[in-house]
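Next come the chains, spelled out residue by residue.
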Amino acid sequence: MRLDIVSEDRLGITQEMLRVIVENGWNLAAVEMYTYHTFVHINERGVSLDTIKKALIAIPNVKNVMRVELLPGEEKRKHLDTILSKLPEPILDIDIKGQIIVANIEAEKALGLTKDKLEGRNICEIIPLSLQQVLVESPPAIDICHANKHFLIDVTPIYSNSKVTGAVLLLQ
């Protein structure tokens with residue numbers, strides 16, 4: 001069950017919400033926090049919305065508890081996946097460790113692997129390249145061969161606080 005817990009912004013309120021969840025033995029699968037909104041995903045296992053709402057509303061400054069279809073991060077991911085599925089080029093997004101975060105349908109086709117075989121794996125396990133080639137400020141185009149197919153990889157670095165923290169790879 002995914003919930004939006006609407007509250008005032010005050011110090012410690014999210015900690016109190018989490019305490020209530022733990023004390024009731026509810027299995028918390030995910031949490032996302034924003035000003036005035038704490039989104040949680042509780043694995044149901046026989047607990048009703050009314051029971052959860054009653055426990056959380058008892059916390060001072062909690063205004064409402066509503067069921068939502070998706071957490072904001074899940075919704076954003078669905079939108080991103082839809083956008084990427086419309087692009088005709090194979091695209092991979094990797095983090096600082098080389099882990100594939102996102103692969104579009106064209107990348108699946110080009111590499112001959114399904115999304116679940118790509119996402120979560122290290123790029124170096126799939127494509128013959130080193131992270132030192134990719135995770136730099138001005139990466140060159142990289143020519144590789146995978147499964148008897150030649151690709152020219154165009155690399156766009158991702159920055160956080162002026163440091164390269166990942167990259168988007170476009171396979172051509």
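All values derive from a computational prediction rather than experimental measurement.

What to know about the sheet that holds strand E6 (residues 100-103)
In step 1: Strand order in the open sheet made by the five strands is E6-E5-E9-E8-E7, with antiparallel pairing throughout. In the strand order of this sheet, the two ends are held by E6 and strand E7 (142-146), each with one partner. Strand-to-strand twist in this sheet, taken as the mean axis angle between neighbours without regard to direction, amounts to 30°.
In step 2: As paired strands, strand E5 (residues 91-95) and E6 are joined by three bridges and run antiparallel to one another. Following the sheet pairing, Leu 92 is matched in E6 by Ala 103.
In step 3: Here helix H3 (residues 72-86) sits on the sheet and contacts E5 and E6; the angle it forms with E6, its principal contact strand, is near 55°.

Looking at the pattern of salt bridges
Oppositely charged side chains can pair when the atoms bearing their charge come close.
In step 1: For the coordinates displayed, the defined rule picks out ten salt bridges.
In step 2: A salt bridge links Glu 119 to Arg 77; the nearest nitrogen and oxygen atoms lie 2.9 Å apart. Separated by 42 residues along the polypeptide, Glu 119 in the loop between helix H5 (115-118) and helix H6 (123-126) and Arg 77 in helix H3 bring together distant segments of the chain.
In step 3: Here Arg 77 falls in the partly exposed class, since its relative accessible area comes to 27%.
In step 4: It is possible to trace a salt-bridge network through shared partners that takes in Arg 77, Asp 81, Lys 115 and Glu 119.

Notes on unusual backbone geometry
In step 1: We note that Asn 61 has phi near 80°; this positive angle belongs to a residue other than glycine.
In step 2: Structurally, Asn 61 can be placed in the loop between helix H2 (49-57) and strand E4 (62-67).
In step 3: The class of Asn 61 is partly exposed, set by a relative accessible area of 25%.
In step 4: One non-glycine residue, Asn 148, lies in the positive phi region at around 60°.
In step 5: For Asn 148, the position within the fold is in the loop between E7 and strand E8 (149-160).

What about the pairing of E7?
In step 1: Burial of the side chains of E7 is restricted to one face: Ile 142, Ile 144 and His 146 are buried, whereas none of Asp 143 and Cys 145 on the reverse face is.
In step 2: Relative to E8, E7 runs antiparallel, the two sharing five bridges. Its bridge partner lying in E8, Asp 143 is registered against Leu 152.

So, the sheet that holds E4
In step 1: Pairing is antiparallel across the open sheet formed by four strands, whose spatial order is E2-E3-E1-E4. Both outer strands of the open sheet, strand E2 (27-34) and E4, are each paired with one neighbouring strand and no more. Strand-to-strand, the axes of this sheet are offset by a mean angle of 20°, without reference to chain direction.
In step 2: Note that E2 and strand E3 (residues 37-43) share seven bridges and pair antiparallel. Note that in E3 the partner of Ala 30 across the bridge is His 41.

Quick look at the side chain of Asp 95
In step 1: Residue position: Asp 95 is located in strand E5.
In step 2: In this structure Asp 95 is buried but unpaired, with Lys 97 as the nearest side chain of opposite charge at 6.3 Å.
In step 3: Within the local environment of Asp 95, its side chain forms a polar contact with the backbone nitrogen of Lys 97, the two atoms lying 2.9 Å apart.
In step 4: Dropping the residues within four chain positions of it, Asp 95 is found in contact with Ile 101, Leu 135, Thr 165 and Gly 166.

The rules behind the values
- Residues numbered from 1 in each chain as written.
- Predicted model: local features only at pLDDT ≥ 70, side-chain atom pairs only at ≥ 80, totals over all residues.
- Heavy atoms only, no water.
- Pairing = 2+ DSSP bridges.
- Helix = DSSP H or I, 4+ residues; strand = E, 2+ residues; numbered from the N terminus.
- Axes fitted to C-alpha atoms, helices over the stretch in contact; angles between N-to-C directions.
- Contact = heavy atoms within 4.5 Å.
- Salt bridge = Lys/Arg side-chain N within 4 Å of Asp/Glu carboxyl O.
- Buried < 20%, exposed > 50% of the residue type's maximum accessible area, 1.4 Å probe, protein only.
- Lys, Arg positive; Asp, Glu negative; His and termini not counted.
- Polar contact = N/O pair within 3.5 Å; in protein donor to acceptor, adjacent residues only side chain to side chain.

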